[in-house]
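Take a look at the letters that make up each chain.
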Amino acid sequence: MQRLRNNDKCWCGSGAKFKRCHGDVRRLQRDPVELGSVSAERPVPEHITRPDYVAVGSVTTPTGLQIHDDESLERMRAACRVAAEVLLRTGAAVDVGVTTDELDAVAHDTYIELGAYPSTLHYGGARDYPKSICTSVNGVVCHGIPDSRPLRSGDIVNVDVTAFVEGMHGDTSATFCVGEVDEPTRGLVETTREATLRGIAAVSPGEPLRRIAEAIEPFAASRGYGVVKEYGGHGIGATFHATPHINHCITRGDTMPFEVGMTFTVEPMLTTGSGGYRQAADGWTEHVVDSMPTAQFEHTVLVTPEGREILTVTEDGRTAAGTLDELQLPA
Ligand SMILES: [Zn+2]
């Protein structure tokens, strides 16, 4: 896979070298990740139904392919609508000086108002995730825990939402810009958004799963970005993390076909630097070692007879990542 090189002309059409334009390392570079303090647990009212792992400490629902009939699909749509609404309201609260813990509070209150349980809260068995969303700032690849750090102008933050309601999980995320974000970093965010929608557009019944990676990885490389290999999308429905594993990097042998009624996530993480990352001391936060920014978007997707449908959309058709209709794919 040919990744755009420093002395190549930038993908944006400016005519400048990549390293002087969207690949400008000095403008992309961020401070190393610092973990803030994590607030006390936010309570969930008794009337909200919990997923099995909260009480049992482990997943007891089947983890196989999540394939829906009409009845379960209605419930799946409901969970995905809630997730989309929580993400939009939380994203609207992103601002300079707001802490990621405050974003967690906005999300938590919205889940509850809409009758949903925040799927991440007490997920992970012994590791026991403590919050209602993940907030991954700058060089945090994923699974950042909301904490006391105020967002600063120039930051980017991924907000990852999963709602459990009517026995189903709906999962969606988006990366938001805080205050004044420089053009190289905006280019990363926009490319990641488009890569996600291109991956989704490649879903079609009977085609192999690797069509998603084929749509994402070369596109990212053509703009000088890497794609995280180890984290992929996942089957989702009655089970939060189910089969299949959805690769965003092209993988030989990724031949399982999409089946009508399957639901899973597409959620590529794009990197600007070396792409190497490690886990922080909190046991969750995955951050790149070179402090270069990363971005991610995510939707829950249904395979339909005609192709695919994004389920993580609000009642009135909004999502934090736009829609396939807005994506002008080259013919
Ligand atoms: Zn450029």
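I will try to describe carefully the structure that is included in this document. The structure displayed is predicted, hence computed values, not measured ones. (Residues numbered from 1 in each chain as written. Predicted model: local features only at pLDDT ≥ 70, side-chain atom pairs only at ≥ 80, totals over all residues. Heavy atoms only, no water.)

### Structural notes on the coordination of the zinc ion
- The zinc ion binds to the protein through Cys-10 (SG), Cys-12 (SG), Cys-21 (SG) and His-22 (ND1), with metal-donor distances spanning 2.0 to 2.3 Å.
- Around the zinc ion sit 4 donor atoms, and with donor-metal-donor angles ranging over 105 to 113 degrees the site reads as tetrahedral. (Donors = N, O, S within 2.8 Å, 3.2 Å for Na, K, Ca; no water. Tetrahedral: all angles 85-135°; square planar, octahedral: opposite > 155°, others 65-115°.)

### A look at the sheet that holds strand β12 (residues 286-288)
- Overall, antiparallel pairing links the 3 strands, which are arranged β3-β12-β11 in an open sheet. Two strands bound the open sheet, and with one partner strand each, they are β3 (140-142) and β11 (277-279). Strand-to-strand twist of the sheet, defined as the mean angle between neighbouring strand axes without regard to direction, takes the value 35 degrees.
- Summarising the sheet, β3 and β12 pair through 2 bridges and their orientation is antiparallel. Residue pairing for β12: Val-140 is matched across the bridge by His-287. (Pairing = 2+ DSSP bridges. Helix = DSSP H or I, 4+ residues; strand = E, 2+ residues; numbered from the N terminus. Axes fitted to C-alpha atoms, helices over the stretch in contact; angles between N-to-C directions.)

### Topic: the layout of surface pockets
- Empty space within the largest pocket amounts to approximately 440 Å³.
- For the largest pocket, the lining is made up of 25 residues, of which His-143, Tyr-231, His-234, His-241 and Glu-267 are closest to its centre.
- Broken down by secondary-structure element, the contributors of at least two residues to the lining of the largest pocket are β4 (156-165), β7 (233-235) and β8 (242-246).
- Of the residues contributing to the lining of the largest pocket, the split by class is 10 nonpolar, 10 polar and 5 charged. (1 Å grid on protein atoms, 1.4 Å probe; cavity = no way out; pocket = protein on both sides within 12 Å on 5 of 7 lines; lining within 4 Å. Points joined across faces, edges and corners; volume = space filled by probe spheres on them. Nonpolar A, V, L, I, M, F, W, Y, C, P; charged D, E, K, R; others polar.)

### Brief notes about the nonpolar core
- Core analysis: the biggest nonpolar cluster contains 62 residues, and Tyr-111, Val-157, Val-159, Val-161, Ile-212 and Phe-264 have the highest contact counts within it.
- Per-element accounting of this core gives the leading share, 8 residues, to helix α3 (residues 70-92).
- Not counting chain neighbours up to four residues away, the residues in contact with Val-161 comprise Ala-83, Val-86, Leu-87, Tyr-111, Ile-133, Gly-170, Asp-171 and Thr-172.
- Core analysis: the second largest hydrophobic core is formed by 6 residues, Val-44, Ile-48, Tyr-117 and Leu-121 among them. (Core = buried A, V, L, I, M, F, W, Y, C linked by side-chain atoms within 4.5 Å. Buried < 20%, exposed > 50% of the residue type's maximum accessible area, 1.4 Å probe, protein only. Contact = heavy atoms within 4.5 Å.)

### Considerations on helix α5 (residues 183-201)
- Taking 1.5 Å of rise per residue, 19 residues should cover 27 Å, and α5 covers 26 Å from first to last C-alpha, within 8% of that figure.
- In terms of burial, α5 is a largely internal element, 15 of the 19 residues being buried. (Expected span 1.5 Å × (residues − 1).)

### Topic: the environment of Ser-274
- With respect to the helices and strands, Ser-274 occurs in the loop between β10 (269-271) and β11.
- With 219 residues separating them along the chain, Ser-274 and Ala-55 place their C-alpha atoms 40 Å apart.
- For Ser-274, the side chain forms a polar contact with the main-chain nitrogen of Gly-276, separated by 3.3 Å. (Polar contact = N/O pair within 3.5 Å; in protein donor to acceptor, adjacent residues only side chain to side chain.)

### Side note on α3
- Between its first and last C-alpha, α3 extends 33 Å over 23 residues, near the 33 Å set by a 1.5 Å rise per residue.
- The N-terminus of α3 is capped by Asp-69, whose side-chain oxygen sits 3.2 Å from the backbone nitrogen of Glu-71.

### Remarks on the pairing of strand β9 (residues 263-266)
- Residues Thr-263 and Thr-265 of β9 are buried on one face, and the alternating residues Phe-264 and Val-266, pointing to the opposite face, are buried as well.
- By the bridge criterion, 4 bridges tie β9 to strand β14 (residues 299-304) in an arrangement that is antiparallel. The residue bridging Phe-264 from the neighbouring strand is Val-301, located in β14.

### Topic: the packing of α3 against helix α4 (residues 100-113)
- It is the contact of α3 with α4, at a shortest axis distance of 9 Å, that shows an interaxial angle of 150 degrees. Of the possible angle classes, the one that applies to α3 and α4 is roughly antiparallel. Here α3 runs over α4; the crossing is right-handed. In contact with Val-86, Arg-89 and Thr-90 of α3, α4 contributes Leu-103, Val-106, Ala-107, Thr-110, Tyr-111 and Glu-113.
- Residues of the contact of α3 with α4, tallied by class, amount to 5 nonpolar, 2 polar and 2 charged. (Parallel < 35°, antiparallel > 145°, perpendicular 65-115°, else oblique. Left-handed = near helix turned anticlockwise from the far one by under 90°.)

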